Amino acid sequence: MSTPAVSERHQSIPVEFADEEESIKITGFWMFLMTDMIIFASLFAVYAVYRSRTALGPTPQQLFHLGPTVLETLLLLTSSFTVGIAVWAMRHNRLRMVFGWLIATLVLGAGFVITEISDFVSYMSQGATWHVSGFLSGFYVLVGTHGAHVTFGIMWAITLLLQLRRRGLTAVTRRKLFTFSLYWHFLDIVWVFIFTFVYLSGKIA
Amino acid sequence: MSEHTSDGTELEAVEPGLEFLAPKFEVEGFPWAQVMGYVFSLLLTFAALLLVVDHAMPPILLLAVILALALGQAGLQLGVFMHLRESRGTAWQLLPLGLAFFIAFALVGTSIWIMLFKTGVS
């Protein structure tokens, strides 16, 4: 095939990767996610060790309601999809679509955090606070750390939207949107493990 | 890196045997991968939920199956949405990712394993 392939090949590299410095920052962000993953692994290990230590408090089976957690899972999986579409739109230079899908992501993320807080409040109103038992301490620290990450992610998305509005799609803002999407999908993966290992397995007798 | 050969057929001057250094990116006209990824992520979640609600199998097996479904979900998010294999050249993120997975599973797995000793000791 004799095509002007060299230039085409270069165009096919997305801007956030074609810029050498931004590309290095994406690799660096992967390194950050790896360390964050090890933090979550430690908290999962703590939870695994303490989950049967319920003292005088409720057991996982007595405490958890699957309803709100299924809703949280749906919200977060859907937001993972919407931010995926935002990155797709970014690569097709459709700034308005990027705004729309990023705002959808943000709203779904906020829905997740609100559902989680109201779930925690209902547990606490039954007296299941985090100093009652080892199980509850491990539970609130693990799930709370994830919730704090999502909350931070929402603030990040808001600042990203402001920057996209001022500067449009540059190499820097594209890289920021791409790393934000990596962060968000990573939180989705952590949540799937929380949903499985904490909530679902809590319902297995 | 990029050089024309005399007849202009070369895409990039990637040496034979070093094809893994060529840029790899997926940019499609319609986000089919994302749509299918979303559908499958929902299917995996509801499969796990239904198995648990129905108490479809013995507890240990059930736990193993839902953890396997969660791992499938993680692979799907990494592969489809996080563009895991995309890179300008070598995918540098893959090796530390493997290491981090190893540390994570060692940490959780050995913690659970050590706790299984308690009955024999006390």
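Structure's up top.
Residues numbered from 1 in each chain as written. Chains lettered and ligands numbered in written order. Predicted model: local features only at pLDDT ≥ 70, side-chain atom pairs only at ≥ 80, totals over all residues. Heavy atoms only, no water.

Asks: What is the right way to look at the environment of Arg 85 of chain B in this model?
Replies: Mapped onto the elements, Arg 85 of chain B comes out in the loop between α2 (59-81) and α3 (94-115). Sequence spacing of Arg 85 of chain B and Lys 24 of chain B is 61 residues, and the spatial spacing of their C-alpha atoms is 7.3 Å. (Helix = DSSP H or I, 4+ residues; strand = E, 2+ residues; numbered from the N terminus.)

Asks: I tried to follow the pattern of salt bridges on my own but got confused; where do I start?
Replies: A side chain with one charge can pair with a side chain of the opposite charge if their charged atoms come near. A full pass over the atoms with the stated rule returns five salt bridges over all chains. A salt bridge links Glu 20 of chain A to Arg 88 of chain B, with the nearest nitrogen and oxygen atoms 3.2 Å apart. Highlighted residues: Glu 20 of chain A in helix α3 (residues 20-50) and Arg 88 of chain B in the loop between α2 and α3, drawn from two different chains. Judged by relative accessible area, which is 54%, Glu 20 of chain A ranks as exposed. With a shortest N-O distance of 3.5 Å, Lys 25 of chain A and Glu 21 of chain A are connected by a salt bridge. Remark: Glu 21 of chain A and Lys 25 of chain A occur in helix α3; sequence separation between them is four residues, near one turn of the helix. Salt bridges linked by common partners bring Glu 16 and Arg 91 of chain A together with Glu 86 of chain B together as one network. (Salt bridge = Lys/Arg side-chain N within 4 Å of Asp/Glu carboxyl O. Buried < 20%, exposed > 50% of the residue type's maximum accessible area, 1.4 Å probe, protein only.)

Asks: Sorry if this is basic, but what is going on with the packing of aromatic side chains here?
Replies: The geometry of an aromatic ring pair is captured by two quantities: the separation of the ring centres and the angle between the planes. Residue and element names in this part refer to chain B. Under the definition given, this model contains 30 aromatic pairs over all chains. Between Phe 101 and Phe 105 the ring centres are 5.9 Å apart and the planes differ by 10°, which places this aromatic pair in the stacked class. With Phe 101 and Phe 105 both in helix α3 and four residues apart, the pair spans about one turn of that helix. A relative accessible area of 44% places Phe 105 in the partly exposed class. (Phe/Tyr/Trp six-rings, centres within 6.5 Å; stacked < 30°, edge-to-face > 60°.)

Asks: Looking at this structure, I do not really get helix α7 (residues 134-167) of chain A. What am I missing?
Replies: Along an α-helix, residues three or four positions apart point the same way, because every turn accommodates 3.6 residues. Spanning 34 residues, α7 of chain A covers 49 Å between terminal C-alpha atoms, matching the ideal 50 Å at 1.5 Å per step. Looking one or two residues beyond α7 of chain A, the residue adopting positive phi is Gly 168 of chain A, at roughly 70°. (Expected span 1.5 Å × (residues − 1).)

Asks: Explain the interface of chain A and chain B to me, please; I cannot follow it from the model alone.
Replies: Often, the extent of an interface is quoted as the loss of accessible area upon association of its parts. Chain A puts 59 residues into the contact, and the matching count from chain B is 61 residues. Together chain A and chain B conceal approximately 5100 Å² of surface at their shared face, both sides included; 78% is due to carbon and sulfur atoms. Between the two partners, chain A and chain B, sit two salt bridges. As a salt-bridge pair, Arg 91 of chain A and Glu 86 of chain B come within 2.9 Å of each other at their nearest N and O atoms. Between chain A and chain B we count seven residue pairs in polar contact (both at pLDDT 80 or more) in total. Taken together, the elements giving at least two residues each to the side of chain A that touches chain B come down to α1 (5-11), α2 (15-18), α3, α5 (66-91) and α8 (171-202) of chain A. In terms of residue count, α3 of chain A provides more of the side of chain A that touches chain B than any other element does, 15 residues in total. Taken together, the residues of the side of chain A that touches chain B sort by class into 37 nonpolar, 15 polar and seven charged. (Contact = heavy atoms within 4.5 Å. Buried area = accessible area lost by both parts, 1.4 Å probe. Polar contact = N/O pair within 3.5 Å; in protein donor to acceptor, adjacent residues only side chain to side chain. Nonpolar A, V, L, I, M, F, W, Y, C, P; charged D, E, K, R; others polar.)

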